[in-house]
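# Chain and residue survey
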Amino acid sequence: MINRYLEKTWVQYLCLATVTAILVYYFGWVFDFGYKFDWSVLYKEDPSYGEVLGGMLVTGLNLTVSISLMSSAIALGLGILFGLGRLSQFKPVYYFSTCYVEFFRNTPLLVQLFFWYFALPMGLPEGIRNFLFDQNFEMLAATVGLGIYTSSFMAEVIRAGIQSIPKGLLEASYSSGLTPFQTLTKIVLPLAFRAIIPPLGSEFLNNMKNSSLAMVVGVPELCWASQQIEGMTFKGFEATTAATVVYLSLSLTIAGLLTLVNWKLQIVPVKDRTMGHKFAHLLFWPFEAPFAFVAKMHRRMKRKRQDDFNLSRAQAARKAFLAKLSKVFGFIWKATFLICLAFLLFSAVYGISKFNFQVIADNIGTLLWWRFPQGDPNEILWGLGGLSFSIIMSVIAISVSFFIGLIVGVGRTSKNKLFLIPSTLYIELIRGNPLIMVIFWIYFFIPILTGHFLNVFWSATIALTVFTGAYLAEIVRSGIQNLPPGQFEAAVSTGLTYWQAMRKIILPQALKQMLPAIVGQFIAIFKDTSLAFVIGVLELTFVAQGLNNRLMVYPFEIYTTVAFLYFICCYLMSLVARRLERKLSTETFRLQM
Amino acid sequence: MKRFMILALAAALVMAFAATAFAGATYDRIMKDKVIRVGIMTDSIPGAFYNAKKEWVGFDVDIANEIAKRMGVKIDQVPVSNKTRIGFLQQGRIDISVSNMTHKRSRDNSIDFSITYFFDGQKMLAPKGKFSTLKDFVGKRVAVMQGTTSELNVKNLLKELGDAAPKVISYQKESECFQALQMGRVDAWSTDSTILLGYSAQVPGKYELVGDFFSNEPYGIGLVEDDSKLRDTVNFTLQDMWKDGSYEKIYNKWYGPDTKYYFPLTEKIEMWP
């Protein structure tokens, strides 16, 4: 009886509206927050400081947007370069690209930013350093650091996209007489890019959100601005809300743009185009038209200068000369590359040999487990901290968020609005914000809502869990939607209920497909534990900062050790991911250029 | 669905109860439980920090312990940062916050403050011999810490001295400011002078304080809003500590002439007749 009503859409909407109304009433009028809201800090001039503090948010937004744009451009360029590099037949290029991708993917952005900003200039000659410092070095370090970090992810996306192109297509293009370069630009890249637009788009989104970390090197961007307002007025709730709203609208804008790009790229017959497709085509027409025109002209001019099969003597000599020349250039290029690589290796080894290893040896225990058995009685886990703390946090977050992701992901694919709308809201709300904001929210909100105070460890772990849950839900959703719909129809027609079909037929298959992505998310969450330092969790980064604070003169040693520790853990996980990917992939062929 | 609604209702009820359990005067709670929860920083040398043996020590730690001792209650030390100390106070996670907070009217809207328990002022730390007066910093880059009052103080100072667009860079931590100074990214670092002393003492002879104080930073103990009993108790305890000399003892332990962070005690705690 009740089930039949619940299948009606209007009943579902009514239920949702009722729940919303109850929540609004409860939190609007009944609940005592124990906090005095004063939204005027955002728009009124502050008497102590003689400034409208909300103005900082606007300047911050401006910076966030420009950092995101510039670093995205860098990331895309480097990503294509290293993504192709990972497919190269010239082994040194392949190894170098692989090292680059693995290294930057497997260390936290936070640690990388510290390195670019604080450590790198110390290794440069005085003149270059002074030149750099005369520029806006904060912006420079943050933008380049962010770009490099994102590029390692984009490189992987691009490599996977290119490798997913069927071998037959390649053979066909070679046999029709196209050169490798032509194959790449005319066949492989256009096809690959169409396939990788969604994952690439989410990297752009992540890049924007990650720009919030630029505040650690002193860039006054959006997150910085909200922190600043909080620090000056102690009105954290209002400042954080304002920043969250801005981040969310930025994310939604980017997501909207990506959907338009997606529509534009979809191959749909003209008569089947929806309003969205039409709108996208209209919107991108001004960008597309000049390229199309140039390409048309180019084709026209090219057509006249076709190679003949019967070459004259001079033509043949010219052709042979050109081939030889390109060979020589190729050789020179390879040699230069090798020399540069050797120099890089040498300077890295030389730099490390200058380290004061005694300092590392003395403090490695602190970094690994802080003051483990000798902690205060009111300390959590007997005073554990450092790397082991990060591991524990991520293990808890991973195991709990897996179930959240499963439930919400299934809810997200449901047709029932009662499940669909809350799931979508949860996913979009969390994914539209930087993790640092989620950490602040959980940290400030849980005590207000429950009246209980959590250890910072727990609130950071909950934040990580909630955050990962949203990402896993998206992975689960795409996994389910990737299965042919016939599977579900067949299952239901054999008499299974919705839940049985999900549990026995759909999820087992979908999970198998999703495994590599899930492991990737776990790596991300392990690295993200470093962000818990903002609320003072004694994890690896925080302990390292404390040590650095006390020892003062050994930042290189400490941060290198920290980066190394993070790297080892993440790399081991990514090895597992790769093995899974290989085991589960149907095609073992590796495309080479 | 029915079950879902029941669950939602139950959750709402639990929240309602939790909310009522929330209220109650802090002072009475402290005296009932015989425990005072004090927020203390972890990375401010010599205010409160972990030393080489990973023990939590410092001037603020000693002051907090002394207050608890005099109130006859046990102390529960809660680590806070300049991001969390206010949130904790407002939500009742801590009862008082001894974490070098400058008393500002704008901040008094959110929490209460005790009388001043430490007097500091802002100065500039710069490489030795490079600068002689504050005027020399016009057009130079200065590092400050975010979430503190020092940033605006520096900006206002430089503007007054004729710098149209002051180059002030703010970092999240003290150690980062010092590192920026060490690598030459900034020409000076400005914050409360005791912090500067603490850092420059780590590499003796390389850095010096330049010029006079250009701001007063009266440190107050942060207290929950509207609990006059607690505020009176803390204020009187501070005055008692000053009167019988135990304040001076603690002060000299961290800032006295025999320490690395020598900072002469010039002002007096205000005594009410």
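Residues numbered from 1 in each chain as written. Chains lettered and ligands numbered in written order. Predicted model: local features only at pLDDT ≥ 70, side-chain atom pairs only at ≥ 80, totals over all residues. Heavy atoms only, no water.

### Re the overall build of chain A
We apply this condition: Each helix is a run of H or I in the DSSP string that is no shorter than four residues. Each strand is a run of E no shorter than two, and both are numbered from the N terminus. The size measure is the radius of gyration over C-alpha atoms, and the globule rule it meets is 2.2 Å times the number of residues to the 0.38 power. The criterion used for residue contact is that any of the two residues' heavy atoms lie within 4.5 Å. For accessible areas, the Shrake-Rupley method is used with a probe of radius 1.4 Å. Any residue's cover is judged against the shown protein chains and nothing else. Note that His is not counted, nor are the chain ends; the positive residues are Lys and Arg, and the negative ones are Asp and Glu. Lysine's charge is taken at NZ, arginine's at CZ, aspartate's at CG and glutamate's at CD.
Scanning chain A from terminus to terminus reveals 22 helices and two strands. For 593 residues, the compact-globule formula gives about 25 Å, and the C-alpha radius of gyration of chain A, at 27 Å, lands near that figure. On the principal axes, the C-alpha backbone points of chain A span a range of 95 × 75 × 50 Å. Contacts spanning at least 24 positions in sequence make up 75% of the contacts within chain A whose residues lie at least 6 apart. Accessible area of chain A: about 30700 Å², with a carbon and sulfur share of 69%. Charge separation in chain A, taken as the distance between the mean sites of 48 positive and 31 negative side-chain charges, equals 17 Å.

### Thoughts on the state of the cysteines
To be explicit about the condition: The term disulfide is used for any two cysteine sulfur atoms that are within 2.5 Å. Exposure categories follow from relative accessible area, calculated using a 1.4 Å probe and restricted to protein chains: below 20% of the type maximum is buried, above 50% is exposed, and the middle band is partly exposed.
Applying the stated rule across the entire model yields zero disulfides over all chains. In this model Cys-223 of chain A remains outside any disulfide bridge; the closest cysteine sulfur is found in Cys-177 of chain B, 17 Å from its own. A relative accessible area of 0% means that Cys-223 of chain A is categorised as buried.

### Section: the packing of aromatic side chains
Residue and element names in this part refer to chain A. Counted only if it meets this: Side-chain rings of Phe, Tyr and Trp (the six-membered ring for Trp) are treated as a pair once their centres are within 6.5 Å; stacked means planes under 30 degrees apart, edge-to-face means over 60, and tilted covers the remaining angles.
For the structure on display, the rule yields 54 aromatic pairs over all chains. Residues Phe-90 and Trp-333 carry aromatic rings whose centres are separated by 6.3 Å and whose planes lie at 55 degrees to one another, so their mutual orientation is tilted. Of this pair, Phe-90 sits in the loop between α3 (54-85) and α4 (91-105) while Trp-333 sits in helix α13 (residues 313-353), and the two are 243 residues apart along the sequence. You can call Trp-333 partly exposed: its relative accessible area is 48%.

### Remarks on the pattern of salt bridges
All names here are of chain B. Put simply, the rule is: Salt bridges are identified by distance alone: a Lys or Arg side-chain nitrogen within 4 Å of an Asp or Glu carboxyl oxygen.
This structure, assessed with the given rule, holds 16 salt bridges over all chains. Between Lys-69 and Glu-66 there is a salt bridge; the shortest N-O distance is 3.8 Å. A residue pair is termed a helical-turn pair when its members lie 3 or 4 positions apart in one helix, as Lys-69 and Glu-66 do in helix α3 (residues 59-71) at three residues. For Lys-69, a relative accessible area of 60% corresponds to the exposed category. A salt bridge links Arg-70 to Asp-244; its shortest N-O distance comes to 2.9 Å. Of this pair, Arg-70 sits in helix α3 while Asp-244 sits in the loop between α9 (228-243) and α10 (246-255), placing them 174 residues apart in sequence. By relative accessible area, Arg-70 is classed as partly exposed at 32%.

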